[in-house]
Amino acid sequence: MKKLLALSLTIVMMTMLCACGAKETAGDVTETGASAALADGVLTVGTNAEFPPFEYVGDDGQPDGFDMALVKAIGEKLGVEVKIENMEFASLVTSIGSKIDIAAAGMTVTEERKQTVDFSNSYYEAVQYVILPADSAIATAADLEGKTIGVQLGTTGDFIATDIAGTTVAPYNKAVDAVNDLINGKVDCVIIDKNPALVFESKFEGQVVAIDGVQFDFEIENYAIALPKGDAELATKINEAIDAIKADGTFDELVKTYIEAE
Ligand code: ARG
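In short, a report on the structure. (Residues numbered from 1 in each chain as written. Predicted model: local features only at pLDDT ≥ 70, side-chain atom pairs only at ≥ 80, totals over all residues. Heavy atoms only, no water.)

### Description of the side chain of Thr-44
Of note, Thr-44 is situated in strand S1 (residues 42-47). The exposure class of Thr-44 is buried, given its relative accessible area of 12%. Residues in contact with Thr-44, not counting those within four places in the same chain, are Lys-83, Glu-85, Lys-99, Ile-100, Asp-101 and Ile-102. (Helix = DSSP H or I, 4+ residues; strand = E, 2+ residues; numbered from the N terminus. Buried < 20%, exposed > 50% of the residue type's maximum accessible area, 1.4 Å probe, protein only. Contact = heavy atoms within 4.5 Å.)

Following this line, the structure appears as structure tokens:
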């Protein structure tokens, strides 16, 4: 019996050794240039498809939008398949390296996020906008004090609203729900990025207006793809792919199709 046990243990150990060997072989791919995130030929991209025109659920039920088209173009340049994982915005940063390889979600580069993730070169400039009921008297930064402000949970709009004196911040997972509550009178305004604000303004035409946050002293923000911390090789590849997409005109095409068409 003991012998049998010893034998099966040996077999188990040998199998494990073989498995390690196989892994090492797969690891060799890394030496030829692929980062861990690219080694299996699938780049899993996290997003939150509640942020038109950058990401939204299309008529076919799949995430679509500028960022989705951008990461698919990046995947083509890198020769990998792109798989999209739609999740809550607030979960994206912490899911990088486990559930997802990278995140493309109109994500603003912030010092705080940089503690956890790296960012690609920035690909789009934005600013927060204030969405108001058509008849609202809110017009300046001071007018926002003490107000109830709808935001998307975990976004820069959320952080800005929280920093304004005396506000009650109402966080939503879906931006459109915040806008619906604005129309229902449950919140006084919604703070959200420029392009989604403009999409909602035209979607709810006559009911809401979108005001440029510069009027409220909000700062310019830059969108980038969030990457696993310390994977310099992946960062270089993604940045090279973005550069190539810009150089060959694809980027401008996507801006025209997804952003300027709105
Ligand atoms: N730019 C803002 C931020 O980084 C909002 C992004 C929201 N994106 C989304 N896909 N829901 O916090």
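### Remarks on the pairing of S1
Across the six residues that make up S1, a large majority, six, are buried. Sheet topology places S1 next to strand S5 (residues 81-86); six bridges connect them, and they run parallel. Counterpart to Leu-43 in the pairing with S5 is Val-82. (Pairing = 2+ DSSP bridges.)

### So, the site of the ligand
Near the ligand there are 14 residues, and of these Asn-48, Ala-105, Thr-108, Arg-113 and Asp-193 occur at the shortest range. Within the side chain of Asn-48, one N or O atom sits 2.8 Å away from a nitrogen atom of the ligand. Between Ala-105 and the ligand, the recorded distance is 2.8 Å, taken from a backbone N or O atom to a nitrogen atom. Out of a free accessible area of 350 Å², the ligand has 100% covered by protein chains. Judged by the proximity of its atoms to the pocket grid, the ligand belongs to the largest cavity. Looking at the shell around the ligand, its residues break down into five nonpolar, six polar and three charged. (Near = heavy atom within 4 Å. Polar contact = N/O pair within 3.5 Å; in protein donor to acceptor, adjacent residues only side chain to side chain. Areas by Shrake-Rupley, 256 points an atom, 1.4 Å probe, with all protein chains shown as cover. 1 Å grid on protein atoms, 1.4 Å probe; cavity = no way out; pocket = protein on both sides within 12 Å on 5 of 7 lines; lining within 4 Å. Sits in = over half its atoms within 2 Å of the grid points. Nonpolar A, V, L, I, M, F, W, Y, C, P; charged D, E, K, R; others polar.)

### Topic: the pattern of salt bridges
All chains considered together, the criterion is met by five salt bridges. Linking Lys-77 and Asp-248 is a salt bridge whose minimum nitrogen-to-oxygen distance equals 2.8 Å. With Lys-77 in helix H2 (residues 66-78) and Asp-248 in the loop between helix H8 (232-247) and helix H9 (250-260), the pair connects residues that are 171 residues apart, well separated along the chain. Exposure remark for Asp-248: the relative accessible area of 42% places this residue in the partly exposed category. Lys-229 is the salt-bridge partner of Asp-118, the closest N and O atoms lying 3.3 Å from each other. Separated by 111 residues along the polypeptide, Asp-118 in strand S7 (residues 117-119) and Lys-229 in the loop between strand S15 (226-228) and H8 bring together distant segments of the chain. (Salt bridge = Lys/Arg side-chain N within 4 Å of Asp/Glu carboxyl O.)

### Here's the deal with the environment of Pro-228
Considering the arrangement of structural elements, one finds Pro-228 in strand S15. C-alpha of Pro-228 to C-alpha of Ala-37: the two residues are 191 residues apart in sequence and 8.8 Å apart in space. Those residues in contact with Pro-228 that sit more than four places away from it in its chain are Ile-96, Asp-101, Ile-102, Asp-118 and Leu-234.

### Brief notes about the nonpolar core
The biggest cluster of nonpolar side chains holds 63 residues, and the ones touching the most others in it are Phe-66, Ile-131, Ile-191, Ile-225 and Ile-238. Looking at which domains feed residues into this core, each of domain 1 (34-125 + 222-260) and domain 2 (128-219) supplies at least three. Sequence-distant contacts of Ile-225, defined by excluding residues within four places in its chain, comprise Val-71, Ile-74, Ile-102, Ala-103, Ala-104, Asp-118, Phe-119, Ser-120, Tyr-123, Ile-238 and Ile-242. Ile-96, Ile-100, Ala-105 and Phe-119 belong to the second-largest nonpolar core, a separate cluster that totals 13 residues. (Core = buried A, V, L, I, M, F, W, Y, C linked by side-chain atoms within 4.5 Å. Domains from an automatic or database assignment.)

### So, the layout of surface pockets
Its boundaries defined by the atoms lining it, the largest pocket holds a volume of some 270 Å³. Taken together, 14 residues line the largest pocket, and the ones lying closest to its centre are Thr-156, Ile-160, Phe-218, Glu-219 and Glu-221. Ranked by residues supplied to the lining of the largest pocket, first place goes to helix H5 (residues 156-163) with three residues. Considering only residue class, the lining of the largest pocket consists of eight nonpolar, three polar and three charged. Space inside the second largest pocket adds up to approximately 160 Å³. Phe-89, Ala-90, Val-93, Met-107, Glu-112, Arg-113, Thr-116, Gly-154 and Phe-159 together form the lining of the second largest pocket. In terms of residue class, the lining of the second largest pocket is made up of five nonpolar, two polar and two charged. (Points joined across faces, edges and corners; volume = space filled by probe spheres on them.)

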